[in-house]
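What follows is each chain in one-letter form.
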Amino acid sequence: MTQPWRSRIFFPRTLSFLLAVISGCCLTATGSLRGADVDVFGSIGQEVNSLFEKAKPAVVQVHSGDEGFKQAGTGFFIDNQGTVLTSSTIIGTNTTASVVVNGVEMNAKILGDDPRSGLAMLRVSYDDSPFLSLGHSIDLKTGYAVVTIGYPLNLPVSPSQGLVSGFDVRYMNRFFATTHIHANVPISPGQVGGPLLNTRGEVIGLVVPSPDDGRSIYALPVEAVEKIIADFNQYGRAKHGWVGVNVVEAPDTAHDGRTVRVVQAVPGTPAAASGIQPGDTVMRIDAREVYRPADVLDASFFSHVGGNMTVVVRRDQKLFNYTFAVIERPPNPGMPTPPPMTSQPSPTFQPIPVNHFVANPQ
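Quick caveat, the model's predicted, so the values are computed rather than measured. Throughout this description, residue numbers start from 1 for each chain and increase along the sequence as written. Note on the predicted model: pLDDT of at least 70 is required for a residue's local features to be given, and 80 or more for side-chain atom pairs to be given and counted; whole-chain, interface and lining totals, by contrast, use all residues. Remark: hydrogens and water are excluded; side-chain values derive from all non-hydrogen atoms of the structure.

**Quick look at the pattern of salt bridges**
- Every case where a carboxyl oxygen of Asp or Glu lies within 4 Å of a side-chain nitrogen of Lys or Arg is listed as a salt bridge. Under the definition given, this model contains eleven salt bridges.
- As a salt-bridge pair, Lys56 and Glu53 come within 3.3 Å of each other at their nearest N and O atoms.
- Buried, partly exposed and exposed residues are distinguished by accessible area as a fraction of the type maximum, computed with a 1.4 Å probe on protein chains only: under 20%, between the cut-offs, and over 50%, respectively. Overall, the relative accessible area of 30% leaves Lys56 in the partly exposed class.
- As a salt-bridge pair, Arg258 and Glu289 come within 3.0 Å of each other at their nearest N and O atoms. Here the residue Arg258 occupies a position in the loop between strand S14 (245-249) and strand S15 (260-265), and Glu289 occupies one in strand S17 (residues 288-289), the gap between them amounting to 31 residues.
- Arg258 gets classed as buried once you look at its relative accessible area, which sits at 8%.
- Beyond isolated ion pairs, a larger network of salt bridges with shared partners links Asp256, Arg258, Arg284, Glu289 and Arg314. The helix count covers DSSP runs of H or I at least four residues long, the strand count covers runs of E at least two residues long, and both are numbered beginning at the N terminus.

So, in structure tokens, the structure goes:
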């Protein structure tokens, strides 16, 4: 069998520099761009196109559903065995899926589908599939250049580029399962499920449905993607950890920036008999310092069912240490209800129905 490195896709390393020098572009007194600046923008376009041309063989269109109403989105190969990652919203409640490779639609086996994280994993019979390498998002910072590739509105594959604008665990009062990458890259239906790439062409995230109607994108970080892939491979499904401690965001009286307070240890859970109490301020979970609810969500997301979690809390200016067994998160864990939203964003940025964009419909 062909070794992975033979079909891996490599990319130029200069795109980050070229996008960075945009800040150096300036206008003349008449408001027009100098010739050198125009060359800079031309160079950026060339580098984005070069990255796109090398990555696009590994980016595919994903369909699910029957011929009466078929959903369409984007996916990408992650190995040379035909394994495809995509968004779980493309699969939805459907039990069948297909992948379009070089214009040929191939039946795909659904290896895992996790609506909570938004990740689905498929496999097609495609020997020596071109694939994208998984990178790291841990060192990603605001202002870094990113590129995503997908199939907008069921049209041919194309790139979109922009800059990282933040790292969010929620949009208004709607929480993600873990912190997501937020980038000012506008997308259209059909691009959900595509890869978010760094300037080396490595996957640093997977594009999930946008709650702001595609004006920008959110992406599940690659580290979270790898955690769910490991669950799919080991259990055939995602197993999310839980210990039964419900928290709210509230400033601590010590004024040290801690804002996570325990409101309940759910009866019948590992936390219930531990001694942790409502009103305790959460200081640390394992090695992770806790300052905001996102830290708790991230610690829970990356916990492993069957393992242990150590929680340090502060109560009356004293620290208390508790160790819980991590159990599998129930479908309805009884979390406190967030306050009502003053304005309602679009709840999901759905994949497009293929049938809606059929050329010359009869």
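After that view of the structure, there is still more to cover.
**Let's talk about helix H4 (residues 222-235)**
- By definition here, a helix of n residues has an expected span of 1.5 Å times n minus one. Given a rise of 1.5 Å per residue, 14 residues ought to cover 20 Å, and the 20 Å separating the end C-alpha atoms of H4 matches this to within 8%.
- Along H4, the residues that are buried comprise Val222, Ala224, Val225, Lys227, Ile228, Ile229, Asp231 and Phe232.
- Just beyond H4, the residue with positive phi is Gly236, at close to 80 degrees.

**Comments concerning the confidence of the model for the protein chain**
- As a per-residue measure, pLDDT reflects the predictor's confidence and takes values from 0 up to 100. Residues at a pLDDT of 70 or more form 79% of the protein chain, whose mean pLDDT is 82.
- Here, two residues are considered to be in contact whenever any of their heavy atoms come within 4.5 Å of each other. Counting interchain partners and residues more than four positions distant, the pLDDT-below-50 stretch residues 10-14 has 16 contacts.
- Note on residues 335-362: pLDDT is under 50 here. Beyond four places in sequence and across chains, it has 59 contacts.

**Section: the sheet that holds strand S11 (residues 203-208)**
- Strand order in the closed barrel formed by six strands is S7-S8-S9-S12-S11-S10, and the pairing between neighbours is antiparallel. Taken over all neighbouring pairs, the strand axes of this sheet differ in orientation by 50 degrees on average, direction set aside.
- Here strand S9 (residues 174-183) pairs with strand S12 (residues 217-221) via three bridges, running antiparallel. Of the residues in S12, the one forming a bridge with His182 is Tyr218.
- Between the N-to-C directions of two axes lies an angle of 0 to 180 degrees, each axis being a line fitted to C-alpha atoms and, for a helix, fitted only over the stretch in contact. Helix-sheet contacts for H4 involve S9, S11 and S12, and the interaxial angle to S12 is about 50 degrees. At least two DSSP bridges between two strands are required for those strands to pair.

**Topic: the packing of aromatic side chains**
- Aromatic rings from Phe, Tyr and Trp, taking only the six-membered ring of Trp, are treated as a pair when their centres fall within 6.5 Å; an angle between ring planes under 30 degrees marks them as stacked, one over 60 as edge-to-face, and anything in between as tilted. With the rule as written, the count across this model stands at three aromatic pairs.
- Geometrically, the ring pair formed by Phe176 and Tyr218 is tilted, given 5.1 Å between the ring centres and 45 degrees between the ring planes. You can see Phe176 sitting in strand S9 and its partner Tyr218 sitting in strand S12, a full 42 residues away along the chain.
- Measuring from ring centre to ring centre gives 5.2 Å for Phe301 and Phe302, while their planes differ by 70 degrees; the resulting arrangement is edge-to-face.
- Under the relative-accessibility criterion, Phe302 is labelled partly exposed at 30%.

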